[in-house]
Amino acid sequence: TQLLEQSPQFLSIQEGENLTVYCNSSSVFSSLQWYRQEPGEGPVLLVTVVTGGEVKKLKRLTFQFGDARKDSSLHITAAQPGDTGLYLCAGAGNNNDMRFGAGTRLTVKP
Amino acid sequence: EPEVTQTPSHQVTQMGQEVILRCVPISNHLYFYWYRQILGQKVEFLVSFYNNEISEKSEIFDDQFSVERPDGSNFTLKIRSTKLEDSAMYFCASSEFRAYEQYFGPGTRLTVT
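Within each chain, residue numbers correspond to sequence positions counted from 1 in written order. Here every chain gets a letter starting at A, and every ligand a number starting at 1, in the order they are written. The predicted nature of this model means local features are confined to residues of pLDDT at least 70 and side-chain atom pairs, given and counted, to a pLDDT of 80 or more, with totals for whole chains, interfaces and linings taken over all residues. With hydrogens and water stripped out, all remaining heavy atoms of the structure feed into the side-chain values.

### Concerning unusual backbone geometry
Between Ser7 of chain A and the following residue, Pro8 of chain A, the backbone shows a cis peptide bond with an omega angle of -10 degrees. With respect to the element layout, Pro8 of chain A can be found in the loop between β1 (5-7) and β2 (10-14). With an omega of -10 degrees, the peptide bond running from Thr7 of chain B to Pro8 of chain B counts as cis. A run of H or I in DSSP becomes a helix once it reaches four residues, and a run of E becomes a strand once it reaches two; helices and strands are each numbered from the N terminus. Looking at where Pro8 of chain B falls in the secondary structure, it is placed in the loop between β1 (5-7) and β2 (10-13). In this structure, Ala78 of chain A takes a positive phi of about 50 degrees despite not being glycine. On the basis of relative accessibility, which here comes to 31%, the residue Ala78 of chain A falls in the partly exposed class. For each residue, the accessible area found with a 1.4 Å probe, counting protein chains only, is set against the maximum for its type, and the residue is called buried under 20%, exposed over 50%, and partly exposed in between.

See the structure below:
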């Protein structure tokens, strides 16, 4: 079973601050996805990373996949209240399944 | 933009009853999935489905669960005899490639009383 550990579990910051959240595992993943989930809704795909060391940018969000494809980070620059939500990472292994971390719940205060 | 749809949005059932949760995946996707999320907990993988058969299932997906693609568009999850602990949000997802870029539906909230 591939376990994904996300940290921190909770993060509360002021608007305009920068932040980084982490997703770590002892397993190697063929790909890793980041999702954002609002209460009562399904996860919404933000990005997929595939290559070790890969960096992808989505506006103020920067995603990095570790060289060994075991970990990833999400950096948000100048956070806004609209960034508030639960950020989930999910890793795909060799089988046709995907395992989720427990998520980082981000609150950005105006 | 294509999206995954799920019905019903909320299902209330009595313990021991059978329920069928329905999903319409994105039309050109070939891989289909069901996940469960108990309130306040993590999203848990149940099963993946490809080429009209189960390709992977988790330890949660026991004999009371089954999946089916009865026609070219629907993908269903059946729970044969519901238990109180089956109460959760059930999400369907689909992807074009194996375990890659899965798109999720809005979920069905199942409440077992």
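### Digging into the interface of chain B and chain A
The interface of chain B with chain A comprises 24 residues on the first partner and 23 residues on the second. The junction of chain B with chain A conceals about 1,800 Å² of combined surface from both sides, 52% of it contributed by carbon and sulfur atoms. Side-chain atoms alone can form a polar contact between residues adjacent in sequence; in general such a contact is a pair of N or O atoms within 3.5 Å, and within protein one must be able to donate a hydrogen while the other accepts it. The tally of links between chain B and chain A comes to five residue pairs in polar contact (both at pLDDT 80 or more). Of all the elements in the fold, those that place two or more residues in the side of chain B that touches chain A are β4 (31-37), β5 (44-50), β6 (53-57), β9 (88-95) and β10 (103-104) of chain B. Here the side of chain B that touches chain A takes four residues from β4 of chain B, the largest share from any one element. Following the grouping adopted for this structure description, the nonpolar residues are Ala, Val, Leu, Ile, Met, Phe, Trp, Tyr, Cys and Pro, the charged ones are Asp, Glu, Lys and Arg, and the polar ones are all others, Gly among them. When its residues are assigned to classes, the side of chain B that touches chain A shows 13 nonpolar, six polar and five charged. In what follows, a contact means two residues having at least one pair of non-hydrogen atoms within 4.5 Å. A quick way to say it: buried area is the sum, across both parts, of accessible area lost when two parts are put together, with a 1.4 Å probe.

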